[in-house]
Amino acid sequence: MDNRDAVSAFLRSRRDRITPEQAGLPTYGQRRVPGLRRGEIAALAGVSVEYYTRLERGSLGGVSESVLDALAHALRLDDTERMYLYDLARAAGPASGTRARQRAVRPTVRPSVTRMVEAMPELPAYVMNNRLDTLAANPIGRALYSEMFADPACGGNVARFAFLSPAARRFYADWERMARFAVGALRVEAGRRPYDRELTNLIGELSTRSDTFRVLWASHDVHVFRDSTKRLNHPLVGDLVLDQETMGLPDESGLSVVVYSAPPGTPAEDGLKLLATWSATTGREHGAPSTVVSRRGEEHG
């Protein structure tokens, strides 16, 4: 993954979306660019046009925090975009040992985290990495995403499910929103870990097999999963409106625990209770484990 290309495309895309009116700049005559000119961003950031041009060509290595902050302010970046810009700058710096470390990292789910997930029998719960691989799930979690886990092509990966499985467009009532969020999350991770070979392979696969993914990836939008509301259409229990909480583990693993719940007294709460009963029954009948085996056949957990 070429960091210089990613830097250049991201800065251009953020510059193109800002109008002179939004930046408080006067406009004279006909403009040939959709957003601000390089010189206008340079002036807003307090740097020379030549320096900003070099940055927009992808040369972020060695840039100071004060310049990055000025760029973020000039480009009107939100918190996630600002974090992504800093990640791009770090990745553009000295790479001694970085590539090897990124290839070697393959966090596993601690037994204590697995026990925590399994201790929520009525709430779908998962452990997920930053590539959107589901490394572990409790029985009701597997039941909620039964179509994803049943499809060997997905390998327990939410992005593969969203873009490569026909069932996903029915399962996600807000499929377009989910698709944008998934791409944005992978974009954040690509900025943070540009030498992660498995991530690079995943993005290449999705770009090759999904026109929609390729278009969304080219937008350079970024996203971080936190709390949100999911509208799902489950094949067994029907429509579910669920609250999602994503909690990062307090270590360097990059893993998160994702939990779905429903407000009391709602149809979604009834749906989850039915799903919990069904998952408990089918789990006992088939001995279904909570651990997910990845697409490459490696067991995590």
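Residues numbered from 1 in each chain as written. Predicted model: local features only at pLDDT ≥ 70, side-chain atom pairs only at ≥ 80, totals over all residues. Heavy atoms only, no water.

A short note on the sheet that holds strand S5 (residues 256–261)
Strand order in the open sheet formed by five strands is S2-S1-S5-S4-S3, with antiparallel pairing between adjacent strands. Either end of the sheet is taken by a strand with one partner, and the two such strands are strand S2 (134–137) and strand S3 (228–234). Averaged over all pairs of adjacent strands, the angle between their axes in this sheet comes to 30°, without regard to strand direction. For strand S4 (residues 238–248) and S5, the ladder comprises six bridges, and the chain directions are antiparallel. (Pairing = 2+ DSSP bridges. Helix = DSSP H or I, 4+ residues; strand = E, 2+ residues; numbered from the N terminus. Axes fitted to C-alpha atoms, helices over the stretch in contact; angles between N-to-C directions.)

With respect to the packing of aromatic side chains
Pairs of aromatic rings are described using the distance from one ring centre to the other and the angle between the two planes. Inspection of every chain in the model, using the stated rule, returns 13 aromatic pairs. Ring plane angle 25° and centroid distance 6.3 Å describe the contact between Tyr145 and Tyr260, whose orientation is recorded as stacked. Of this pair, Tyr145 sits in the loop between helix H9 (139–144) and helix H10 (146–150) while Tyr260 is found in strand S5, placing the two residues 115 residues apart along the sequence. A relative accessible area of 5% places Tyr145 in the buried class. The interplanar angle of 15° and the centroid separation of 5.7 Å between the aromatic rings of Phe213 and Trp217 together place this pair among those described as stacked. You can see Phe213 and its partner Trp217 sitting in helix H15 (residues 211–217), four residues apart, about one turn around the helix. With respect to class, Phe213 is no different from Trp217; both count as buried. One aromatic cluster is present, built from ring pairs that chain together Tyr126, Tyr145, Phe161, Phe171, Tyr172 and Tyr260. The ring of Trp175 carries the charged tip of Arg169 above its face, separated from the ring centre by 3.7 Å. Over the ring of Trp217 we find Arg187; its NZ or CZ atom is 3.7 Å from the centre of that ring. (Phe/Tyr/Trp six-rings, centres within 6.5 Å; stacked < 30°, edge-to-face > 60°. Buried < 20%, exposed > 50% of the residue type's maximum accessible area, 1.4 Å probe, protein only. Lys NZ or Arg CZ within 6 Å of the ring centre and 35° of its normal.)

In short, the description is geometric, and any link to function would need to be established separately.
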